[in-house]
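Listed below are the residues making up each chain.
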Amino acid sequence: MTDHYAVIGNPIEQSKSPLIHTAYAQATGQDIGYTKLLAPLGGFAAAVGAFRAAGGRGMNVTAPFKLDAFAYATDLAPSAQMAGAVNAMKFEGDKVHAENFDGVGLVRDVVHNLGCPLQGRRVLILGAGGATRGALLPILAQRPAELWIVNRTVAKAQELAQLAGQHQTGSVPVRGGGYADLGTVAFDAVFNATSASLTAELPPLPASAFAPGCLAYELAYGKGLTPFLRLAQQAGVTQLADGVGMLAEQAAEAFEWWRGVRPDTADVIQQLTVPLV
């Protein structure tokens, strides 16, 4: 019997989730159906309720409903609590289990796919929104030497740094501040979690932030050589990446959570990769 899953959002036509999960199901021999669900603004709960009533087993959640899903869930995983947002749900009777796999997907892409260990490295995250919140604990679990968060609104970066310090199980130094606070400090991995690349803007990041051998990682995907990646390239960075691997890996985490089997991500990543030119 076919089990049904969906991705919910508004808009939703751009979502790659059906392609990804269909590929994973074929590769692992799982009998699932996966569709896109366009919900009206303000209509998240009703749309999810109808999907559950029709026998739906789980959902991925994309913009603008990640906060709605957070409120809708009955059981929030620590990842979702830290992120303050949900990107995957699993339905079991009256229970709505909720996760946020973005951060763990990011780390798996960086460490396993790109071969860039974060342990003992100096890490910088640009932006203090939901993407950064979701990435903090998985990055800190890798035990970097230190983690910096910078944001145009300095208070938001400082609040996130304090929050990360309270929730981590280790003792990694976490600093929050503005771009001007970076000075000439150089980092081994720089993640752009701002929305700047969606509007082809450049965060006010000094080129000196990229250490020799640095990884420059753009969380947005499919945008080619964004202004952030171009800045890194001009600064001599040779290891450039966008978020296509993160997309595939967070989907694999959700798939395993739902189905109990982890798919290989290599073929999906290759299929969705856009050259960084």
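See the structure above.
Residues numbered from 1 in each chain as written. Predicted model: local features only at pLDDT ≥ 70, side-chain atom pairs only at ≥ 80, totals over all residues. Heavy atoms only, no water.

J.: Would you explain the pairing of strand S7 (residues 122-126) in this entry?
T.: Residues in a regular strand project their side chains so that they alternate between the two faces of the sheet. In terms of burial, S7 is a largely internal element, four of the five residues being buried. Relative to strand S8 (residues 146-150), S7 runs parallel, the two sharing five bridges. Its bridge partner being in S8, Ile125 is matched across the sheet by Ile149. In terms of handedness, the path from S7 via helix H6 (residues 130-140) over to S8 forms a crossover that is right-handed. Looking at chain direction, S7 and strand S10 (residues 187-192) are connected through four bridges and run parallel. By the bridge assignment, Val123 is partnered in S10 with Ala189. (Buried < 20%, exposed > 50% of the residue type's maximum accessible area, 1.4 Å probe, protein only. Helix = DSSP H or I, 4+ residues; strand = E, 2+ residues; numbered from the N terminus. Pairing = 2+ DSSP bridges. Right-handed = clockwise from strand over helix to strand, strands pointing away.)

J.: Is there a simple way to explain the pattern of salt bridges in this structure?
T.: Where side chains of opposite charge bring their charged atoms close, a pairing between them can arise. In the structure shown here, the tally under the stated rule is 10 salt bridges. The residue Glu13 makes a salt bridge to Lys36 at a minimum N-O spacing of 3.9 Å. Here Glu13 is found in the loop between strand S1 (3-9) and helix H1 (17-28), whereas its partner Lys36 is found in strand S2 (residues 32-38), with 23 residues between them in sequence. Lys36 sits in the partly exposed class, given a relative accessible area of 34%. The residue Arg108 makes a salt bridge to Glu249 at a minimum N-O spacing of 3.2 Å. Placement of Arg108 in helix H5 (residues 102-113) and of Glu249 in helix H9 (residues 244-259) is noted, with a sequence separation of 141 residues between them. Judged by its relative accessible area of 28%, Arg108 is partly exposed. By relative accessible area, Glu249 is classed as buried at 1%. Residues participating in the shared-partner salt-bridge network are Arg108, Glu249, Glu253, Glu256 and Arg262. (Salt bridge = Lys/Arg side-chain N within 4 Å of Asp/Glu carboxyl O.)

J.: I tried to follow the packing of H6 against helix H7 (residues 154-167) on my own but got confused; where do I start?
T.: For any two helices packed against each other, the geometry comes down to the angle between their axes and how far apart the axes lie. The N-to-C vectors of H6 and H7 enclose an angle of 40°; their axes lie 10 Å apart at closest approach. One way to sum up the angle between H6 and H7 is to call them oblique. By crossing handedness, the relation of H6 to H7 is classed as right-handed. In this structure, H6 uses Thr132, Arg133, Leu136, Leu137 and Leu140 to contact H7, whose residues at the interface are Leu160, Leu163, Ala164 and His167. (Axes fitted to C-alpha atoms, helices over the stretch in contact; angles between N-to-C directions. Parallel < 35°, antiparallel > 145°, perpendicular 65-115°, else oblique. Left-handed = near helix turned anticlockwise from the far one by under 90°. Contact = heavy atoms within 4.5 Å.)

J.: So what exactly am I meant to see when it comes to H5 here?
T.: The α-helix winds at 3.6 residues per turn, so residues separated by three or four positions along the chain end up facing the same way. Helix length check: H5 (12 residues) gives 15 Å between terminal C-alpha atoms against 16 Å at 1.5 Å per residue, within 8%. Buried-residue contacts for H5 involve helix H3 (66-72), H6, S10, strand S11 (210-218), strand S12 (239-242) and H9. (Expected span 1.5 Å × (residues − 1).)

J.: Sorry, what's going on with the environment of Gln30 here?
T.: Among the secondary structure elements, Gln30 is positioned in the loop between H1 and S2. On the accessibility criterion, Gln30 (22% relative accessible area) is partly exposed. Sequence spacing of Gln30 and Val261 is 231 residues, and the spatial spacing of their C-alpha atoms is 9.0 Å. If we ignore the near neighbours within four places in the chain, the residues touching Gln30 are Ala25, Phe255, Arg259 and Val261. A distance of 2.7 Å separates a polar atom in the side chain of Gln30 from a polar atom in the side chain of Arg259. (Polar contact = N/O pair within 3.5 Å; in protein donor to acceptor, adjacent residues only side chain to side chain.)

J.: I would appreciate a short explanation of the side chain of Asn87 in the present structure.
T.: With respect to the helices, strands and loops of the structure, Asn87 is situated in the loop between helix H4 (78-83) and strand S5 (88-92). Polar contacts involving the side chain of Asn87 include one to the side chain of Asp102, which spans 2.9 Å. Not counting residues up to four positions away in its chain, the partners in contact with Asn87 are Met59, Asn60, Val61, Lys66, Glu99, Asn100, Phe101, Asp102 and Gln250.

J.: Looking at this model, I keep getting lost on the environment of Asp94. Mind explaining?
T.: Tracing the backbone through its elements, the reader meets Asp94 in the loop between S5 and strand S6 (95-99). In this structure Asp94 comes out as exposed when scored by relative accessible area, which is 72%. Separated by 42 residues in the primary sequence, Asp94 and Arg52 have C-alpha atoms spaced 9.8 Å apart. Residues in contact with Asp94, not counting those within four places in the same chain, are Arg52 and Thr74.

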